[in-house]
Structures are given as C-alpha cells and as structure tokens.
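# Geometric and topological summary
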Amino acid sequence: MEIRDIISGVAPLPAGAMDDIVSLVQPVAFAKGRLVFRANKLEQSVYFMAKGIARVYYFHGTTDVTLCFVTEGEALLSLTSYIQHQPGYENIELLESSMLFRLKTTDLHRLYAADIHIANWGRKLAEQELLKTEGRLISKQFKTASERYKELIQMRPDLLHRVQLGYIASYLGISQVTLSRIRADIR
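In this report, we go over the structure that sits alongside the text. (Residues numbered from 1 in each chain as written. Predicted model: local features only at pLDDT ≥ 70, side-chain atom pairs only at ≥ 80, totals over all residues. Heavy atoms only, no water.)

By size, the foremost hydrophobic cluster in this structure holds 30 residues, and its most contacted members are Y47, F69, L76, L100 and V163. No other element matches helix α8 (residues 165-172), which puts five residues into this core. For L76, the contacting residues outside a window of four places in its chain are F37, V46, Y47, M49, A54, V70, I92 and L100. In terms of nonpolar packing, the next biggest core, distinct from the first, is built from 26 residues, V10, L79, L108 and I118 among them. (Core = buried A, V, L, I, M, F, W, Y, C linked by side-chain atoms within 4.5 Å. Buried < 20%, exposed > 50% of the residue type's maximum accessible area, 1.4 Å probe, protein only. Helix = DSSP H or I, 4+ residues; strand = E, 2+ residues; numbered from the N terminus. Contact = heavy atoms within 4.5 Å.)

Attention now moves to the sheet that holds strand β1 (residues 26-30). Whether parallel or antiparallel, the strands of a sheet pair through hydrogen bonds between backbone atoms. As summarised here, the arrangement of the four strands in space is β1-β8-β3-β6, forming an open sheet in which the pairing is antiparallel. Unpaired on one side and paired on the other, β1 and β6 (75-76) mark the two borders of the sheet. Here strand β3 (residues 45-51) pairs with strand β8 (residues 98-104) via six bridges, running antiparallel. Residue F48 lies in a different strand from β8, and its bridge partner there is F101. (Pairing = 2+ DSSP bridges.)

The next thing to look at is the pairing of strand β5 (residues 63-70). For strand β4 (residues 54-60) and β5, the ladder comprises seven bridges, and the chain directions are antiparallel. If you follow A54 over to β5, its bridge partner there is V70. Once β4 ends, the chain turns through two residues before running back antiparallel as β5, passing G61 with a positive phi of about 70 degrees.

Counting buried positions along α8 yields six of eight residues, so the element is predominantly enclosed. Every buried residue of α8 is listed here: Y167, I168, A169, S170, Y171 and L172. Once α8 ends, the next one or two residues include G173, with phi positive near 80 degrees.

What follows covers the layout of surface pockets. Estimates place the volume of the largest pocket at around 930 Å³. Contributions of two or more residues to the lining of the largest pocket are made by β4, β5, β6, α3 (79-84), α5 (116-142), α6 (145-155) and α8. When residues in the lining of the largest pocket are grouped by element, the largest group, ten residues, is from α5. Residues belonging to the lining of the largest pocket are distributed by class as follows: 20 nonpolar, four polar and ten charged. Quantified by volume, the second largest pocket comes out at close to 150 Å³. Lining of the second largest pocket is provided by 13 residues; of these, V36, F37, K41, E43 and Y47 occupy positions nearest its centre. For the lining of the second largest pocket, the elements supplying multiple residues, two or more each, are β2 (35-37) and β3. (1 Å grid on protein atoms, 1.4 Å probe; cavity = no way out; pocket = protein on both sides within 12 Å on 5 of 7 lines; lining within 4 Å. Points joined across faces, edges and corners; volume = space filled by probe spheres on them. Nonpolar A, V, L, I, M, F, W, Y, C, P; charged D, E, K, R; others polar.)

Further remarks concern unusual backbone geometry. Generally, phi is negative for residues other than glycine and the peptide bonds are trans, each holding for most cases. Positive phi is not limited to glycine here, since N40 has a value of about 65 degrees. Checked against the element boundaries, N40 lands in the loop between β2 and β3.

With that settled, the discussion passes to the sheet that holds β2. One open sheet accounts for four strands, arranged β2-β7-β4-β5; its pairing is antiparallel. A strand with exactly one partner marks an edge of an open sheet, and here the two such strands are β2 and β5. In this sheet, neighbouring strand axes are inclined to one another by 35 degrees on average, regardless of whether the strands run parallel or antiparallel. Inspection of the sheet shows β2 paired to strand β7 (residues 91-94) by two bridges, in the antiparallel sense. (Axes fitted to C-alpha atoms, helices over the stretch in contact; angles between N-to-C directions.)

Quick reminder: α-helices carry 3.6 residues per turn. Residues three or four places apart thus point the same way. Over its 27 residues, α5 runs 38 Å from end to end, which matches the ideal 39 Å to within 8%, given 1.5 Å per residue. Turning to α5, its buried residues are I118, W121, G122, L125, A126, E129 and S139. In this structure D115 caps α5, since a side-chain oxygen of it lies 2.7 Å from the backbone nitrogen of H117. (Expected span 1.5 Å × (residues − 1). Polar contact = N/O pair within 3.5 Å; in protein donor to acceptor, adjacent residues only side chain to side chain.)

The rolling of a water-molecule-sized probe over the atoms marks out the regions of remaining empty space. Applying the stated criterion to the full structure yields one cavity of 30 Å³ or more. Each pocket or cavity is described by its volume, and for the largest cavity that value is around 30 Å³. When residues of the lining of the largest cavity are traced back to their parent elements, those giving at least two are β3 and α3. Split into classes, the residues belonging to the lining of the largest cavity amount to four nonpolar, four polar and one charged.

Structure representation (structure tokens):
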C-alpha cells in the first residue's frame, strides 16, 4: 500500500496537509521477527503497515498474550506513548518481513499544532485505535470462544493463513487444544 492511501484511510486531508505529512514519512523495511516496539519503552514513532503483518502482545507472568494483529493499511502505535508520552506495555513483533512507513511522534505533534486538518486527522487515528480496542474487549467479555473464532474467520480470514495457531489461540484467549476442538467442530 502507498502512504497516501493509508493516510486517506484514516480520514481525508486537503492536498497541502497530506503533502506535509508525507514529507516527514520514512519508508523502512524490517525482517520477520523484528520487535518494532518493546514493552516499558517510550515509543518515539508511529508506523503504518505497507506490506506485512505484526502481532501486538504483552506478558502476563511467563505467558505472552496476543492483543491484536496489524496488517496492510493499519497503524502500529503504542497508545500510551502516543497519547500520554509514557512507556507502553506492549511489544509489537513482525510475523513476516515487512515494509512500513515511520513517522516520528514529535513531527506529528508539531503538525497537529500547525494545521487543524492534521490535528483532526490525528484525533480520528486515535479514535479508530480506541474503537478497535473496545471491540476486542467487548468480544472477549460477551462472546464464547467459538463465537470469537467464527468472527475471526468472517472478519479476518487472511490471518488463518498468515499467523501460527498458537498466536491465534492467544488472541482468542484460549489454549491451542481448545482452538483445535473448535476448529474440528466447525468443519
């Protein structure tokens, strides 16, 4: 995906504002397995996925818990670092060799102060990320594991071919054994 398409996917911008953001974006390529963000570290950039897939996770004791997956056209950011300027709790690992666009948070905040269109775009970006988080929370609170898996198949079928089952089980909040049982029941 191109950076202009990704930016427009968040919210439309006037041409000048779009040019201002694009001028500060740097394309970066990272190998599979790269930790783009590390827990307990203040993140200085926001990334946009052009090609590839990432897993957002945190540690609960000795177990890692997958929060979500980020694919083409989506943002990689630590909301804690982005909004509160504090170290985040999440790790973001690339599951494939990936092409991303990096935008330094300080540059983005400078643009927010200079251009109301970009400030509104940034608000939309944060709103979209918060709505995704809320959707995941509601799903885990009110749906069964089987319902969550069926929802994943319907909404994100590409993940089943790109992500190992252990990570999908972690994302669904179940064990791999339970996931295997659910998959067998659905077939």
